[in-house]
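So you can see what is in the structure, the chains are spelled out below.
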Amino acid sequence: SQQGEEDPQALSIQEGENATMNCSYKTSINNLQWYRQNSGRGLVHLILIRSNEREKHSGRLRVTLDTSKKSSSLLITASRAADTASYFCAPGGSYIPTFGRGTSLIVHP
Amino acid sequence: EAQVTQNPRYLITVTGKKLTVTCSQNMNHEYMSWYRQDPGLGLRQIYYSMNVEVTDKGDVPEGYKVSRKEKRNFPLILESPSPNQTSLYFCASSPLAGGYNEQFFGPGTRLTVL
């Protein structure tokens with residue numbers, strides 16, 4: 001299995017600020033996905049970026065992918081209290097993706 | 001509505017009493033998997049299934065069994081639960097095997113083994 005490692009483990013910001021979290025992985029991928037988990041609930045898919053893409057946007061989310069560095073970043077702009085959650089990356093491909101420990105984001109109102 | 005359902009949502013049981021957590025998806029997905037989530041350890045995959053009658057071990061399969069007799073169902077069986085299996089469990093499915101598609105997660109089952 002291929003596991004992504006998220007960094008930082010925890011992030012605390014004020015509402016309106018931007019939040020950036022990073023993901024590193026070890027082997028070649030076909031795509032990389034980001035998921036959100038609200039406390040105690042199932043993961044929800046946010047965005048998928050393919051290996052031939054460098055940047056992708058979805059609403060207030062911006063994801064970048066650098067396959068040469070085997071890393072990705074998720075930027076949430078103008079954060080809201082409702083963005084408080086854990087965020088996981090999942091490097092994807094021909095193997096089974098697994099999830100790391102995630103980044104715990106707290107957005108203070 | 002497209003969804004993954006799990007039952008029960010909450011379960012308190014005692015050591016050694018066999019239990020089954022059901023998982024069902026209505027999206028005709030080939031791939032299904034089970035995860036457990038523990039504080040500080042993130043999500044760890046228990047078992048996965050590429051299709052009917054095809055299952056394989058994930059990272060932490062000890063103490064668990066699964067079966068995939070129908071495409072829509074993927075039950076998780078604990079033959080003799082122990083306290084270290086107290087955890088939050090998630091079932092997930094995706095259209096195809098491997099990591100090419102997003103996974104859809106169930107709401108979770110919180111299991112306590114006394």
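Everything below is about the structure printed above this text.
Not measured: the values here are computed from a predicted model.

## Focus on the overall build of chain B
Right, on to step 1. When helices and strands are counted, chain B shows zero helices and eleven strands.
Right, on to step 2. Moving toward the C terminus, one meets the helices and strands of chain B in the order β-β-β-β-β-β-β-β-β-β-β.
Right, on to step 3. In terms of C-alpha radius of gyration, chain B reaches 13 Å, essentially the compact-globule figure of 13 Å for 114 residues.
Right, on to step 4. Taken along the three principal axes of its C-alpha coordinates, chain B extends 35 × 30 × 25 Å.
Right, on to step 5. Within chain B, the fraction of its 114 residues that count as buried is 49%.
Right, on to step 6. Considering only residue pairs separated by 6 or more positions, chain B has 54% of its internal contacts joining residues 24 or more positions apart.
Right, on to step 7. Accessible area for chain B stands at about 5,300 Å²; split by element, carbon and sulfur atoms hold 52% of it.

## Some words on the interface of chain A and chain B
Right, on to step 1. Contacts between the two partners involve 24 residues from chain A, matched on the other side by 23 residues from chain B.
Right, on to step 2. Note on chain A versus chain B: buried area summed over both sides is about 1,700 Å², and carbon and sulfur give 54% of it.
Right, on to step 3. The interface formed by chain A and chain B includes zero salt bridges.
Right, on to step 4. A per-element tally of the side of chain A that touches chain B places strand 5 (residues 31-37) of chain A first, with four residues.

## Section: the sheet that holds strand 3 (residues 19-25) of chain B
Pairing between sheet strands relies on hydrogen bonds along the backbone, with the strands arranged either parallel or antiparallel.
Residue and element names in this part refer to chain B.
Right, on to step 1. The antiparallel open sheet is built from four strands, whose spatial order is 1-3-8-7. Two strands lie at the open edges of the sheet, namely strand 1 (4-7) and strand 7 (65-66), each paired on one side alone.
Right, on to step 2. In this sheet, strand 3 lies alongside strand 1 in antiparallel orientation, the contact comprising four bridges. The partner of Q6 across the bridge, within strand 3, is C23.

About the criteria used
Residues numbered from 1 in each chain as written. Chains lettered and ligands numbered in written order. Predicted model: local features only at pLDDT ≥ 70, side-chain atom pairs only at ≥ 80, totals over all residues. Heavy atoms only, no water. Helix = DSSP H or I, 4+ residues; strand = E, 2+ residues; numbered from the N terminus. Rg over C-alpha atoms; globule rule 2.2 N^0.38 Å. Buried < 20%, exposed > 50% of the residue type's maximum accessible area, 1.4 Å probe, protein only. Contact = heavy atoms within 4.5 Å. Areas by Shrake-Rupley, 256 points an atom, 1.4 Å probe, with all protein chains shown as cover. Buried area = accessible area lost by both parts, 1.4 Å probe. Salt bridge = Lys/Arg side-chain N within 4 Å of Asp/Glu carboxyl O. Pairing = 2+ DSSP bridges.

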